[in-house]
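# An overview of the molecular structure
Residues per chain are reported as follows:
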Amino acid sequence: MNIFEIYRINIINLLKNLKNKNILLLPDNLNSINVDIPPVKYDGDISSNVAMVLAKPNKKTPENIAKLIVAELKNEKNIENISIVKPGFINIKFKNIFWSDFLIEVINNHKTYGIDLKQVKKNYLLEFVSANPTGPLHVGHCRGAILGDVLANLLLFNNNKVKKEYYVNDFGGQISHFTKSIFYRIREILFKEEFPKNDKDIYPGDYLIDIAKNIIKNNKDLKFDNYQNIYEKLTQLSVKESLKLIKLNLKNLGIEHDNFASERDIVLNKEVESVVKKLEKNNFVYIGKIKAPKVEDDTKWIEREQLLFKSTDFGDDKDRALQKADNTWTYFAGDVAYHENKLNRKFDILINILGADHAGYIKRITSAVEALSGKKNKLICKVSQLVKLIKDGKPFKMSKRKGDYITVEDLINEVGKDATRFIMLNRSSDVEIDFDFAKVKDKSKENPLYYVQYCYARISSVFRNTNKILEDDIETKNFKHNYSNEEIKLIKKISEWPKCVEVSSNMLEPHRIPTYLYELASDFHSYWNMGRNDKTKRFIDEKNEISLDKLILLKSIAIVVKSGMNILGVETPNKM
RNA sequence: GCGCCCUUAGCUCAGUUGGAUAGAGCAACGGUUUUCUAAACCGUGGGUCGGAGGUUCGAAUCCUUCAGGGCGCGCCA
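Residues numbered from 1 in each chain as written. Chains lettered and ligands numbered in written order. Predicted model: local features only at pLDDT ≥ 70, side-chain atom pairs only at ≥ 80, totals over all residues. Heavy atoms only, no water.

## Thoughts on the overall build of chain A
- Within chain A, the regular secondary structure consists of 20 helices and 15 strands.
- Each of the three principal axes of chain A carries a C-alpha extent, and together these read 85 × 60 × 40 Å.
- Put simply, chain A has 576 residues, and 52% of those count as buried.
- A separation threshold of at least 6 residues defines the contact pool for chain A, and within that pool the share at least 24 residues apart is 72%.
- With an accessible surface of roughly 29,200 Å², chain A has 48% of that area assigned to carbon and sulfur atoms.
- Separation of charge centres in chain A, based on 93 positive and 78 negative side chains, amounts to 2 Å. (Helix = DSSP H or I, 4+ residues; strand = E, 2+ residues; numbered from the N terminus. Buried < 20%, exposed > 50% of the residue type's maximum accessible area, 1.4 Å probe, protein only. Contact = heavy atoms within 4.5 Å. Areas by Shrake-Rupley, 256 points an atom, 1.4 Å probe, with all protein chains shown as cover. Lys, Arg positive; Asp, Glu negative; His and termini not counted. Charge placed at Lys NZ, Arg CZ, Asp CG, Glu CD.)

## Focus on the packing of aromatic side chains
- Summed over all chains, the structure comprises 27 aromatic pairs.
- A ring pair is formed by Phe94 and Trp99, whose centres lie 5.6 Å apart and whose planes are at 80°; its orientation type is edge-to-face. Note on accessibility: Phe94 and Trp99 belong to one class, buried.
- With a centroid separation of 6.3 Å and 25° between ring planes, the pair formed by Phe524 and Phe539 is classed as stacked. (Phe/Tyr/Trp six-rings, centres within 6.5 Å; stacked < 30°, edge-to-face > 60°.)

## Remarks on the packing of helix 18 (residues 497-507) against helix 19 (residues 512-530)
- Running from amino to carboxyl end, helix 18 crosses helix 19 at an angle of 165°, the nearest separation of the two axes being 9 Å. The orientation of helix 18 relative to helix 19 falls into the category roughly antiparallel. Remark: the crossing between helix 18 and helix 19 carries right-handed chirality. Packed against helix 18, whose contacting residues are Trp497, Cys500, Val503, Ser504 and Met507, the element helix 19 presents Arg512, Ile513 and Tyr516 at the interface.
- For the contact of helix 18 with helix 19, the residue count by class is six nonpolar, one polar and one charged. (Axes fitted to C-alpha atoms, helices over the stretch in contact; angles between N-to-C directions. Parallel < 35°, antiparallel > 145°, perpendicular 65-115°, else oblique. Left-handed = near helix turned anticlockwise from the far one by under 90°. Nonpolar A, V, L, I, M, F, W, Y, C, P; charged D, E, K, R; others polar.)

## Some words on the packing of helix 5 (residues 139-157) against helix 20 (residues 548-568)
- Helix 20 packs onto helix 5 with a crossing angle of 130° between their chain directions and a minimal axis gap of 7 Å. When the interaxial angle is binned, helix 5 and helix 20 end up oblique. Together, Val150, Asn153, Leu154 and Phe157 of helix 5 and Ser563, Asn566, Ile567 and Leu568 of helix 20 make up the contact between the two elements.
- For the contact of helix 5 with helix 20, the residue count by class is five nonpolar, three polar and no charged.

## A few points about unusual backbone geometry
- For Ser130, which is not glycine, the phi dihedral falls at a positive 45°.
- Tracing the chain through its elements places Ser130 in the loop between strand 5 (123-127) and helix 5.
- Residues other than glycine seldom take positive phi values, yet Asn377 does so here, at roughly 60°.

## A short note on the domain arrangement of chain A
- When its domains are assigned, chain A resolves into domain 1 (3-94), domain 2 (173-252) and domain 3 (448-568).
- Between the C-alpha centres of domain 1 and domain 2 there is a distance of 68 Å. (Domains from an automatic or database assignment.)

## Some points on the pattern of salt bridges
- Per the stated rule, a full pass over the model turns up 30 salt bridges.
- One salt bridge connects Glu165 with Arg345, and the closest N-O pair in it is separated by 2.8 Å. A residue pair is termed long-range when its members are at least 10 positions apart, and Glu165 in strand 6 (residues 161-168) and Arg345 in the loop between helix 11 (331-344) and strand 11 (349-355) qualify at 180 residues.
- A salt bridge links Glu519 to Lys493; its shortest N-O distance comes to 2.9 Å. Of this pair, Glu519 sits in helix 19 while Lys493 sits in helix 17 (residues 485-495), and the two are 26 residues apart along the sequence.
- Look at the salt bridges and you will find they share partners, linking Glu5, Arg8, Lys118 and Glu502 into a network. (Salt bridge = Lys/Arg side-chain N within 4 Å of Asp/Glu carboxyl O.)

## Let's talk about the side chain of Ser495
- By the secondary structure assignment, Ser495 is in helix 17.
- Overall, Ser495 belongs to the buried group, its relative accessible area being 1%.
- If we skip the residues at most four places from it in the chain, Ser495 touches Ile3, Phe4, Trp99, Phe102 and Tyr113.

## Re the side chain of Glu241
- Within the element layout of this structure, Glu241 appears in helix 8 (residues 227-252).
- Sequence-distant contacts of Glu241, defined by excluding residues within four places in its chain, comprise Ile211, Asn214, Ile215 and Asn218.

## Quick word on the nonpolar core
- With 126 residues, the main nonpolar core has Phe435, Ile494 and Ile557 as its most contacted residues.
- For this core, the element with the most residues is helix 20, which contributes twelve residues.
- With residues near it in sequence (within four places) discarded, Ile494 still touches Phe102, Leu103, Val106, Tyr113, Tyr516, Leu520, Leu553, Ser556, Ile557 and Val560.
- Of all hydrophobic cores here, the second largest spans 35 residues; its members include Leu307, Ala337, Tyr361 and Ile362. (Core = buried A, V, L, I, M, F, W, Y, C linked by side-chain atoms within 4.5 Å.)

## Here's the deal with helix 14 (residues 417-425)
- The element helix 14 is extensively covered by neighbouring structure, given that eight of its nine residues are classed as buried.
- Of the positions making up helix 14, those classed as buried are Asp418, Ala419, Thr420, Arg421, Phe422, Ile423, Met424 and Leu425.

## Points about the pairing of strand 5
- Summarising burial for strand 5: four of the five residues are buried, a large majority.
- Relative to strand 6, strand 5 runs parallel, the two sharing five bridges. Opposite Leu126, over in strand 6, you have Lys164 as the bridge partner.
- In this region the chain leaves strand 5, passes through helix 5 and returns to the parallel neighbour strand 6; the handedness of that crossover is right-handed.
- In the sheet, strand 5 pairs with strand 11 via four bridges, with the strands oriented parallel. Residue pairing across strands places Leu126 opposite Ile351, the latter belonging to strand 11. (Pairing = 2+ DSSP bridges. Right-handed = clockwise from strand over helix to strand, strands pointing away.)

## Overview of the sheet that holds strand 6
- Ordered in space as 7-6-5-11-12, the five strands form an open sheet in which the pairing is parallel. The open sheet terminates on both sides in strands that have one partner only, identified here as strand 7 (259-262) and strand 12 (379-384). If you compare each strand with its neighbour and ignore which way they point, the axes differ by 25° on average.

## Some words on the sheet that holds strand 14 (residues 394-395)
- The strand order 14-13-15 describes an open sheet built from three strands, whose pairing is mixed. Two strands bound the open sheet, and with one partner strand each, they are strand 14 and strand 15 (433-436).
- Across four bridges, strand 13 (residues 387-391) lies against strand 15 in parallel orientation. The partner of Leu389 across the bridge, within strand 15, is Phe435.
- Across the sheet, helix 14 is in contact with strand 13 and strand 15; its angle to strand 15 comes to roughly 155°.

Structure representation (structure tokens):
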């Protein structure tokens, strides 16, 4: 029930008719013909640019084209008024009955209202978070985690298939340092040996002590005397403990992955060897040298022959190393194998959510996926920009070494899951955001979360006060179709919801949803307050009853708010 | 040096594939509660969409270029 899409299709069908009668010529691509919301001052409900688009191929003025179309449309039963404005915009104003009929559609299809029906359904693999399993998540991981989760919700809402995956980097140098740190902590606890906290390869955080204690407690038969002998086992246990912490953090953020893919498994299964062979066969790898990176001190750089992937064939700045000097695989090689693994699982689209600090990695991994699949745009990478923390009015700089950082746990305890999610989602992922603790905790209209929730709570209270249940189905038989202009303004806003979903989903930009919900809530609050001076605008009358028309209006707003908040993964309390 | 992101009102930001006289919130000032939840509402002011070119019927949006801010550049992950 996307009225913009319905009228776009109406207009296009009408154009095809005119074409068949040899009245109009149509361009091959009709995508630039759109139906939109006109600016308020034009007193129209929807508008189209169709006349401008067709002017050139037909060698006519937009006004003349518009006249042809208006002549066809003006007798349509829903249309109250249709006009042509300046360059050639066609503005349509609907009869009131159109809007009340529309509300019935919303009520009758409340489970599916907003779903983008014309979107081709796809099978997605969405990889996000994938933070190193060396400790709990901190605030820096939050934004990408929430973005990924909500993208999944959005794609699922549109009836796509989505698998949410976490790539566990449980192999390589970082993990050995981590395992070693755990080993020293265990030695510290069991044998009172001093922990080498000044070693720069050692993780300093106190959470390692808890992990060490857990490992000791649950593995009484293990001996911690020889690091080499216990290394494999201890790595497994340490990663497992870390993942436990991470999963708990994610759960508290309202996030649950479907699968955790292990880098270690991929390497030990020799998947790297086989993907390198595949690339070799297709001539995408060679032995060569790469130059020292610009930033590094050039004197430290030892140029050598090594195995490289030809990412420059796909637009990267330089070719990328697959093997280190000690002949072990680079992180990139493992990730290429992981992406081949994803491709073999037959998804239509792969999506990766990355932090801003990994944006430079996108070119090489998309190159690899293109080389392996032969297709462009099989892998889409979304970057979530930095979150600047503001505490007590001042920027808060995190420093892991000083132990001076905010974990997800701290964040949830202080501001809560819903506020965190809503604020992180409220802005485009392309821009840095300020996350001001004071503002996120604030319970007033300054906080958009509460502003939207309050709208739902007010609707709930009307149902409660008239002894009705918001969740119950509504019998629409005695509908009067009697709405004021102010109410129609609200209905129009409700009608924009499918458009919001469509654009958010096509662009993979969920921030449009909180923006839209805020506008809807704003229109609602505004209408609510009119009831102060004008009793006809109150929902509940003197007899403590509510008209069916008003009930349907409220129910429709609640349907959309609930639906939107579900996608965001945020609660809609009935009372506040 | 190179790559990516950003630059829109005093501040924080919306603004799908190019569309009409560019929109919110905050801050400022002035109002609204015997009344369905004031976690709310109404009103007033506020703009060279970073600068300069270009593309076209039409540019905040696309291209070129310059300037400013952020992130990155590995045989780390």
